[in-house]
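Each chain, written out:
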Amino acid sequence: MTGRPVGVFKVSEEVAVLAPILLLTCLSSPSPEQRVRTGEFINEDMDPSDDAQATCWAIPDAVNYGLVTCAFFGVGVNLVVFLRRVLHQDNAEAANNISKWTGTVYIFSLIGAFLSDSYWGRYITCAIFQIIYVTGLVILSLASWFLLVKPSGCGCIDARCDEPSAPGVALFYLSTYMIAFGNGGYQPSIATFGSDQFDETDPREARSKVAFFSYFYMALNVGSIFSNTALVYYEDLGDWVMGFWVSAAAAALALVLFLVGIPRYRHFKPSGNPLTRIAQVFVAAFRKRNAEVPQHGELLHEVDGDDSKVSGTRKILHSDGLRFLDKAATLTDEDHGAPENMTDPWRLCTVTQVEEVKCILKMLPIWLCTIVYSVVFTQMASLFVEQGATMNTNIGSFHIPAASMSLFDILSVLTFITIYQRVLVPVMSRLSGNPQGLTELQRMGVGLVIGMVAMVVSGVVEIERLRRVVAPDEPSSLSVLWQVPQYALIGASEVFMYVGQLEFFNGQAPDGVKSFGSALCMASISLGNYVSIMLVSVVTSLTDKDKRPGWIPGNLNSGHLDRFYFLLAALSLVDLAAYVACAVWYKGIKLDSADDKEKATAHV
């Protein structure tokens, strides 16, 4: 299927909550193409009770994502502990290796997005990268079983593992980076693929599409609950091999579910290499650098008809910003005198092609401002865990693995998504007149503020933890449950920041680079991890001098992790100021529809 979805598929957000119940119904229902042939295609006169049938095309997508996430966190959430206990790395080295790995996961999303938008399409891209993902998990399970976890059951609190062998370490890094490559390439395409199942030209379904991103993010967190509780608990006791095999099984089940849905999904053809189209705009603009741009956008070059020159995409209306790029679509006397120039995209581009480049350039400042938040977010998988491991992790006779504290992040996400959809959206929509409640940019700004508060709270908890240290080499007597507020605040900030990002970049990205828009969210997390590595390294080198232990030493009891958290809070404050300026400057994309011209609500 090319172009945007045809017909109207109404999907209520209430039905989305019933995803597990509807899944079997979805898998047994006819595909959209079958419904067209049998005269059952859904239209505007469809009874509201049929909403569940329309929802089916998005439900398996979310369930698939939940299973993939379960597998990913089954490995990732406790990986920093595996590095310390099984591979014998110290705190700073393990934290940096986790940041490198996590950053690589999300930088690979740009590769997946490129292949999805350009050549393979979203479905094939998701399938191929999931196969790579499952393969990596199987290799990791085998390597841990036969080479790394020696003797069997080691790597818990009291049992030390043997020194890892070179082949075991090599297979460990090969498998974990295969997991990073597979998961990273899959993520941006699956989010966009799910949103493709909604017809955004219908107002009701467009609202459901917005709700889809919230529930899609909810699927991520529901999928990680099992990993962050049961799997983390048993891995912390030394059952690493079992935990990795369970993750591999969840990923394999997700792949089977995804492949089963082939005839029931909407599929869109890729629109060609966006890098070529972007390069053509810059080359054409440079060649016409002396041309005078018309005052009215209607005088710029555009193809006739409703469809744009790029296959499967809608036209974009001209905008006044970045006018130097308009030279690429400016018709000159030379173009009129040489008919071949009119068909040469390296000399003359359409308005839609120029606006595609403008949209990307205008989104970049917003994207850059989200990187500091990702630095804050990534501490949850590294320093939060290491901080928790040096606290009292026992409640009576029950031991709480430090990594399982991320459960409170998940519960916070699930709670705040529900509160946002059921309470804040209705209230804010009445106050602001915006049916979404808050615009995407406003949501992201709120997320930045909450993330900054989370770092302040984390620093205060660390100060209190240090006060309760009795012996330098023993954990603090402060209960690990004191970490609940910082995890909960990170979860609340995710609902505003990452869900807002998904909506913003997916909604503002032109049709030809939709997966790239989703990949920007992942790339933000990636760069956040790399910036975190840089910050940890710089802070360590600057503070670990003159025989001082530094802020983040091997033994956190002799360090000042609280100062590092306060540093991140200060950086977040500076970032917030820059973000507000960029958000006020931003102007949303204008799409040319057959009925009217609508502007996406993406401004502050």
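The structure this text deals with has already been given above.
Numbering of residues starts from 1 in each chain and follows the order in which that chain's sequence is written. Local features in a predicted model are, by the rule used here, given only for residues with pLDDT of at least 70; side-chain atom pairs are given and counted only at 80 or more, and totals for whole chains, interfaces and linings are based on all residues. Water and hydrogen atoms were dropped before computing side-chain values, which therefore reflect all heavy atoms in the structure.

1. Structural notes on the state of the cysteines
By definition, a disulfide links two cysteine residues through a covalent bond between their sulfur atoms.
Part 1 of the reasoning: Note that a disulfide, as used here, is simply two cysteine sulfur atoms within 2.5 Å. Counted according to the given criterion, the structure contains 1 disulfide.
Part 2 of the reasoning: In this model C154 forms its disulfide with C161; the gap between the sulfur atoms is 2.0 Å. Where C154 bonds to C161 through sulfur, the torsion about that S-S bond is close to 95°, and the disulfide is right-handed. Residues C154 and C161 agree in their burial class; the two are buried.
Part 3 of the reasoning: Free of any disulfide, C369 has its nearest neighbouring cysteine sulfur in C582, separated by 4.0 Å.
Part 4 of the reasoning: What makes C369 buried here is its relative accessible area of 5%. Between buried and exposed lies partly exposed: a residue is buried under 20% and exposed over 50% of the maximum accessible area for its type, with that area taken using a 1.4 Å probe on protein chains only.

2. As for unusual backbone geometry
Part 1 of the reasoning: Cis geometry marks the peptide bond from K150 to P151; its omega dihedral reads -5°.
Part 2 of the reasoning: Position of P151 relative to the elements: it lies in the loop between α8 (122-148) and α9 (166-195).
Part 3 of the reasoning: In the Ramachandran plot, H88 falls in the positive-phi region, its phi being about 60° despite a non-glycine side chain.
Part 4 of the reasoning: Within the secondary structure, H88 sits in the loop between α6 (79-85) and α7 (91-120).
Part 5 of the reasoning: At L322, a position not held by glycine, the phi torsion is positive, near 50°.
Part 6 of the reasoning: A helix here means a DSSP run of H or I that spans at least four residues, while a strand means a run of E at least two residues long, and both kinds are numbered starting from the N terminus. Assignment of secondary structure puts L322 in the loop between α12 (274-287) and α13 (333-337).

3. Digging into the pattern of salt bridges
Part 1 of the reasoning: Within this document, salt bridges are pairs made up of a side-chain nitrogen of Lys or Arg and a carboxyl oxygen of Asp or Glu, the two lying within 4 Å of each other. What the rule picks out here adds up to 10 salt bridges.
Part 2 of the reasoning: Salt-bridge contacts for R347 lead to E334; the nearest nitrogen and oxygen are separated by 3.0 Å. Of this pair, R347 sits in the loop between α13 and α14 (351-369) while E334 sits in helix α13, and the two are 13 residues apart along the sequence.
Part 3 of the reasoning: By relative accessible area, E334 is classed as partly exposed at 47%.
Part 4 of the reasoning: The shortest N-O distance in the salt bridge between R467 and E464 comes to 3.4 Å. Of this pair, R467 and E464 both sit in helix α18 (residues 440-467), separated by 3 residues, roughly a single helical turn.
Part 5 of the reasoning: Each of D326, E355 and K358 takes part in salt bridges that share partners, so that together they form one network.

4. A look at the nonpolar core
Part 1 of the reasoning: Judged by nonpolar contacts, the single largest core of 123 residues is most densely connected at F82, I366 and F564.
Part 2 of the reasoning: Every residue pair with non-hydrogen atoms within 4.5 Å of one another is taken to be in contact. Setting aside anything within four residues of it in sequence, one finds I366 in contact with L441, M444, F504, Y579, C582, A583 and Y586. As used here, the term nonpolar core means buried Ala, Val, Leu, Ile, Met, Phe, Trp, Tyr and Cys residues forming a set that is joined through side-chain atoms within 4.5 Å.

5. Points about the packing of aromatic side chains
Part 1 of the reasoning: Each Phe, Tyr or Trp ring, with Trp reduced to its six-membered ring, pairs with another whose centre is within 6.5 Å; inter-plane angles below 30 degrees give stacked pairs, above 60 give edge-to-face pairs, and intermediate values give tilted ones. Inspection of every chain in the model, using the stated rule, returns 24 aromatic pairs.
Part 2 of the reasoning: Ring centres of F114 and Y119 lie 5.9 Å apart, and the angle between their planes is 75°; on these two criteria the pair is classed as edge-to-face.
Part 3 of the reasoning: Residues F504 and F505 carry aromatic rings whose centres are separated by 5.0 Å and whose planes lie at 70° to one another, so their mutual orientation is edge-to-face. The burial state of F504 is the same as that of F505; both residues are buried.
Part 4 of the reasoning: Ring-pair connections join several aromatic residues into one group, and the members of that group are F82, F172, Y173, W240 and F244.
Part 5 of the reasoning: Put simply, a charge is over a ring when the Lys NZ or the Arg CZ is close to the ring centre, within 6 Å, and near the line of the ring normal, within 35 degrees. A cation over a ring is seen here: R289 above F286, with NZ or CZ 4.2 Å from the ring centre.

6. As for the environment of D326
Part 1 of the reasoning: Tracing the chain through its elements places D326 in the loop between α12 and α13.
Part 2 of the reasoning: Taking the C-alpha atoms as reference, D326 lies 6.7 Å from V354; in sequence the two are 28 residues apart.
Part 3 of the reasoning: Ignoring any residue separated from it by four or fewer positions in sequence, one finds D326 in contact with V293, L300, H318, S319, V354, E355 and K358.

7. Comments concerning the environment of T69
Part 1 of the reasoning: Take T69: it is sitting in helix α5 (residues 59-76).
Part 2 of the reasoning: Its relative accessible area of 5% is what places T69 among the buried residues.
Part 3 of the reasoning: It is 8.8 Å that separates the C-alpha atoms of T69 and S227, two residues lying 158 residues apart in sequence.
Part 4 of the reasoning: Leave out the neighbours within four places in its chain, and T69 touches L220, G223 and S224.

8. Here we look at the packing of helix α15 (residues 371-378) against helix α21 (residues 561-585)
Part 1 of the reasoning: Contact pair α15 / α21: the axes reach a minimum separation of 9 Å and the direction vectors enclose 155°. When the interaxial angle is binned, α15 and α21 end up roughly antiparallel. Of the two possible hands of crossing, α15 and α21 adopt the one that is left-handed. In contact with V372, V375 and V376 of α15, α21 contributes L568, L571, S572 and D575.
Part 2 of the reasoning: Residues are sorted three ways: Asp, Glu, Lys and Arg are charged, Ala, Val, Leu, Ile, Met, Phe, Trp, Tyr, Cys and Pro are nonpolar, and all the rest, Gly among them, are polar. When grouped by side-chain class, the residues that make up the contact of α15 with α21 number 5 nonpolar, 1 polar and 1 charged. The axes used here are C-alpha line fits, helices contributing only the stretch in contact, and every angle between their N-to-C directions lies in the interval 0 to 180 degrees. The cut-offs work like this: below 35 degrees is roughly parallel, past 145 is roughly antiparallel, 65 to 115 is roughly perpendicular, and the gaps in between are oblique. Note on convention: near helix rotated counterclockwise from far helix by under a right angle means a left-handed crossing. Clockwise means right-handed.

9. What about helix α20 (residues 514-543)?
Part 1 of the reasoning: The span expected for a helix works out to 1.5 Å for each residue beyond the first. Its 30 residues place the ends of α20 44 Å apart at the C-alpha level, agreeing with the 44 Å of an ideal helix rising 1.5 Å per residue.
Part 2 of the reasoning: Along α20, the helix axis deviates most sharply at L520, where the bend reaches about 25°. We define the bend at any residue as the angle between the axes fitted to the seven residues before and including it, ending there, and the seven starting there.

10. Comments concerning the packing of helix α19 (residues 484-508) against α20
Part 1 of the reasoning: At their nearest, the axes of α19 and α20 sit 7 Å apart, and the two run at 150° to each other. When the axes of α19 and α20 are compared, the crossing they make is right-handed. Taking contact as the criterion, the partners of Y498, Q501, L502, F505, N506 and G507 in α19 are, on α20, K514, G517, S518, L520, C521, S524 and I525.
Part 2 of the reasoning: Residue classes in the contact of α19 with α20 are distributed as 6 nonpolar, 6 polar and 1 charged.

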